[in-house]
Amino acid sequence: MKSLPDTGETLLIRTDFSDSTAWQALLTTVMTPNQDGFVANVHTVDDLAYRNLTTKQILSAAREVGTDLLIVADKTALTTPEMPLLALLLSNENDECEEGEARQEHAQLRVAAAELWSVENRPRLLEPGAVDRRGGERRAV
């Protein structure tokens, strides 16, 4: 498998190549600032070498990449109206675990493309038990 680029930025990895119009719409949504001017800072990976990769394969390829967060544009993201991207927060070997808890390799959730900026700018909100600004607990899936 081809190595992922190590750009120091959050990678937006395209794994579904079935609809180029949907991909362009997703990119436009992600790259357009919201009403307050917030926009996700991502490096787009649009390469057929990543076609149909599974989460496990992406995580394996990400071991040598210097980022905590990967965003995946998979079939679900490109075929659903809200464009729910798969956000993967990579665990760090130094991350602490509660006593008796098994270390997770990653946390994941789906985030609407228009809201990607909120996760990309604060990836630690994906961690199990993290509390968002509204006081609700977020959980890994």
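Here goes a summary of the coordinates provided. Throughout this description, residue numbers start from 1 for each chain and increase along the sequence as written. Two thresholds apply to this predicted model, a pLDDT of at least 70 for residue-level local features and 80 or more for giving and counting side-chain atom pairs, whereas whole-chain, interface and lining totals are computed over all residues. With hydrogens and water stripped out, all remaining heavy atoms of the structure feed into the side-chain values.

**Structural notes on the pairing of strand S4 (residues 84-90)**
To keep things clear, this is the line we draw: Three labels apply to residues, based on accessible area from a 1.4 Å probe with only protein chains included: buried if under 20% of the type maximum, exposed if over 50%, partly exposed otherwise in between. The secondary structure listing takes helices from DSSP runs of H or I that are at least 4 residues long and strands from runs of E that are at least 2 residues long, numbered from the N terminus. Think of it this way: DSSP has to see at least two bridges between two strands before they count as a pair.
Where burial is concerned, most of S4 is hidden: seven out of the seven residues are buried. Note: strand S3 (residues 69-73) against S4, four bridges, orientation antiparallel. When the bridges of S4 are listed, Leu69 appears paired with Leu89.

**Describing the environment of Gly66**
Our working definition: Throughout, a contact is declared for two residues whenever any of their heavy atoms are within 4.5 Å.
With respect to the helices and strands, Gly66 occurs in the loop between helix H2 (55-61) and S3. Placed 60 residues apart in sequence, Gly66 and Asp6 show a C-alpha to C-alpha distance of 6.1 Å. The contacts of Gly66, once residues within four sequence positions are left out, are Asp6 and Gly8.

**With respect to helix H1 (residues 20-31)**
Selection criterion: Working rule for helices: expected span equals 1.5 Å times residues minus one. In this description, the arc belongs to the directions extending from the helix axis to the C-beta atoms. Polar contacts here mean pairs of N or O atoms no more than 3.5 Å apart (in protein, one a potential hydrogen donor and the other a potential acceptor; neighbouring residues in sequence count only if both atoms are side-chain atoms).
Over its 12 residues, H1 extends 16 Å from the first C-alpha to the last, a length consistent with the 16 Å expected when each residue adds 1.5 Å. Of the positions making up H1, those classed as buried are Ala22, Trp23, Leu26, Leu27 and Val30. For H1, the arc enclosing every buried residue in end-on projection is 140°, short of the 170-degree limit, so these residues lie on one face. Looking at the buried positions of H1, the neighbouring elements they touch are strand S1 (10-14), strand S2 (42-45), S3, helix H3 (75-79), S4 and helix H4 (116-120). Measuring from the side-chain oxygen of the N-cap residue of H1 to the backbone nitrogen of Thr21 gives 3.1 Å; that N-cap residue is Asp19.

**With respect to the nonpolar core**
For the record, the criterion: By convention a nonpolar core is built from buried Ala, Val, Leu, Ile, Met, Phe, Trp, Tyr and Cys residues, the set being connected through side-chain atoms within 4.5 Å.
Core analysis: the biggest nonpolar cluster contains 22 residues, and Leu12, Leu26, Val30, Leu85 and Leu116 have the highest contact counts within it. Counting only elements with at least two residues in this core, the list comes to H1, S3, H3, S4, strand S5 (106-112) and H4. Top element by residues in this core is H1. It accounts for five residues. The contact partners of Val30, leaving out residues within four places of it in the chain, are Leu12, Val39, Ala40, Val42, Leu85, Ala113 and Leu116.

**Some thoughts on the pattern of salt bridges**
The cut-off we apply is this: We define a salt bridge as a contact between a side-chain nitrogen of Lys or Arg and a carboxyl oxygen of Asp or Glu at a distance within 4 Å.
Per the stated rule, a full pass over the model turns up four salt bridges. Linking Arg14 and Asp46 is a salt bridge whose minimum nitrogen-to-oxygen distance equals 3.2 Å. Of this pair, Arg14 sits in strand S1 while Asp46 sits in the loop between S2 and H2, and the two are 32 residues apart along the sequence. Arg14 sits in the buried class, given a relative accessible area of 6%. Put simply, Asp16 and Lys75 hold a salt bridge, and the shortest N to O gap is 3.9 Å. With Asp16 in the loop between S1 and H1 and Lys75 in helix H3, the pair connects residues that are 59 residues apart, well separated along the chain. Under the relative-accessibility criterion, Lys75 is labelled partly exposed at 48%.

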